[in-house]
Amino acid sequence: MYCRNCGNEINENAEICPSCGVKPLAEKNFCQNCGVETKTNQEICVKCGVKLQNTSNILTSSKSKIAAGILGILLGSLGIHKFYLGYTVPGIIMLLVSIIGGIITLGIAAGVMGTIGLIEGIIYLTKTDEDFYEIYVKNKKTWF
Ligand SMILES: [Zn+2]
Ligand SMILES: [Zn+2]
């Protein structure tokens, strides 16, 4: 692939471009597939036809990892972090288990759901922004 900042050819898995020191997909100057010059607002490369990739697009369009993590830690038993990530059904399950199950089990079920939320919140916070986007926003992994 090519660095989208300086246009040099770089290793496919390079996190940082060795020529310019910038994340290869952080800028919008060159096509990552063929290395031709691109304009900032271009979506598709006019030379090779691939969709131009950009990490800043991903991060601004994605849900906040920090917000999801903190919601999981503080309000995990109510499934608020799942609603936040758009996982409605798992969110409702956590909410109902906590409230109805919590009444029946004198709070034990709510404690269990709270622990799950806490663990999930911590898992979210340990992911990189890119991983968080891949796993929870794009692939919608609903539990852990
Ligand atoms: Zn570069
Ligand atoms: Zn191209």
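Values in this document were obtained by computation on a predicted structure and should not be read as measured data. (Residues numbered from 1 in each chain as written. Chains lettered and ligands numbered in written order. Predicted model: local features only at pLDDT ≥ 70, side-chain atom pairs only at ≥ 80, totals over all residues. Heavy atoms only, no water.)

Trainee: Please explain the packing of helix H2 (residues 65–75) against helix H5 (residues 108–126) as it appears in this structure.
Mentor: Axis separation between H2 and H5 bottoms out at 7 Å; the angle between their running directions is 160°. Here H2 is positioned roughly antiparallel relative to H5, judged by the angle of their axes. As H2 packs across H5, the resulting crossing turns out to be left-handed. Of H5, the residues touching H2 (which contributes Lys65, Ile66, Ala68, Gly69, Gly72 and Ile73) are Gly117, Leu118, Gly121, Ile122, Tyr124 and Leu125. Tallied by class, the residues present in the contact of H2 with H5 amount to seven nonpolar, four polar and one charged. (Axes fitted to C-alpha atoms, helices over the stretch in contact; angles between N-to-C directions. Helix = DSSP H or I, 4+ residues; strand = E, 2+ residues; numbered from the N terminus. Parallel < 35°, antiparallel > 145°, perpendicular 65-115°, else oblique. Left-handed = near helix turned anticlockwise from the far one by under 90°. Contact = heavy atoms within 4.5 Å. Nonpolar A, V, L, I, M, F, W, Y, C, P; charged D, E, K, R; others polar.)

Trainee: Sorry if this is basic, but what is going on with a nonpolar patch on the surface here?
Mentor: On the surface, a cluster of nonpolar side chains totalling about 650 Å² of accessible area is made up of Ile66, Ile70, Ile73, Leu74, Leu75, Leu118, Ile122 and Leu125. Looking at the nonpolar patch, the elements with two or more residues in it are H2 and H5. No other element matches the five residues that H2 contributes to the nonpolar patch. (Patch = residues over 30% accessible without salt bridge, like charges linked within 9 Å, V, L, I, M, F, W, Y side chains within 5 Å. Areas by Shrake-Rupley, 256 points an atom, 1.4 Å probe, with all protein chains shown as cover. Salt bridge = Lys/Arg side-chain N within 4 Å of Asp/Glu carboxyl O.)

Trainee: Would you take a moment to explain the coordination of the zinc ion (ligand 1) for this structure?
Mentor: Between any two of four tetrahedral donors, the ideal angle at the metal is 109.5 degrees; between two of six octahedral donors, it is 90 or 180 degrees. At this site the zinc ion (ligand 1) is bound by Cys3 (SG), Cys6 (SG), Cys17 (SG) and Cys20 (SG), with donor distances of 2.2 to 2.3 Å. Going along the chain, you hit the donors of the zinc ion (ligand 1) in the pattern C-x2-C-x10-C-x2-C. With a gap of 14 residues between them, Cys3 in the segment before helix H1 (55–61) and Cys17 in the segment before H1 connect regions that are remote in the sequence. Given the relative accessible area of 2%, Cys17 is considered buried. (Donors = N, O, S within 2.8 Å, 3.2 Å for Na, K, Ca; no water. Buried < 20%, exposed > 50% of the residue type's maximum accessible area, 1.4 Å probe, protein only.)

Trainee: Is there a simple way to explain the coordination of the zinc ion (ligand 2) in this structure?
Mentor: The protein atoms that coordinate the zinc ion (ligand 2) are Cys31 (SG), Cys34 (SG), Cys45 (SG) and Cys48 (SG), at distances of 2.2 to 2.3 Å. Coordination at the zinc ion (ligand 2) comes from four donor atoms whose angles at the metal span 106 to 116°, giving a geometry best classed as tetrahedral. If you list the donors of the zinc ion (ligand 2) from N- to C-terminus, the spacing comes out as C-x2-C-x10-C-x2-C. A residue pair is termed long-range when its members are at least 10 positions apart, and Cys34 in the segment before H1 and Cys48 in the segment before H1 qualify at 14 residues. (Tetrahedral: all angles 85-135°; square planar, octahedral: opposite > 155°, others 65-115°.)

Trainee: What's the story with the domain arrangement of the chain in this structure? I'm lost.
Mentor: The accessible area lost on association of the parts is a frequent measure of interface size. Here the domain parsing of the chain yields domain 1 (1–61) and domain 2 (65–138). One C-alpha centre belongs to domain 1, the other to domain 2, and the line joining them spans 35 Å. (Domains from an automatic or database assignment.)

Trainee: Got a minute to help me understand H5 in this structure?
Mentor: An α-helical turn contains 3.6 residues, so any two residues separated by three or four positions project in the same direction. When the terminal C-alpha atoms of H5 are compared, their 27 Å separation across 19 residues agrees well with the 27 Å that a helix rising 1.5 Å per residue should span. Among the residues making up H5, those that are buried are Ala109, Met113, Ile116, Gly117, Glu120, Gly121 and Tyr124. With its buried residues spanning 135° around the axis, H5 presents them on a single face. Looking at H5, the residues exposed on the side facing more than 90 degrees away from the buried face are Ile108 and Thr126. (Expected span 1.5 Å × (residues − 1). Arc of directions from axis to C-beta.)

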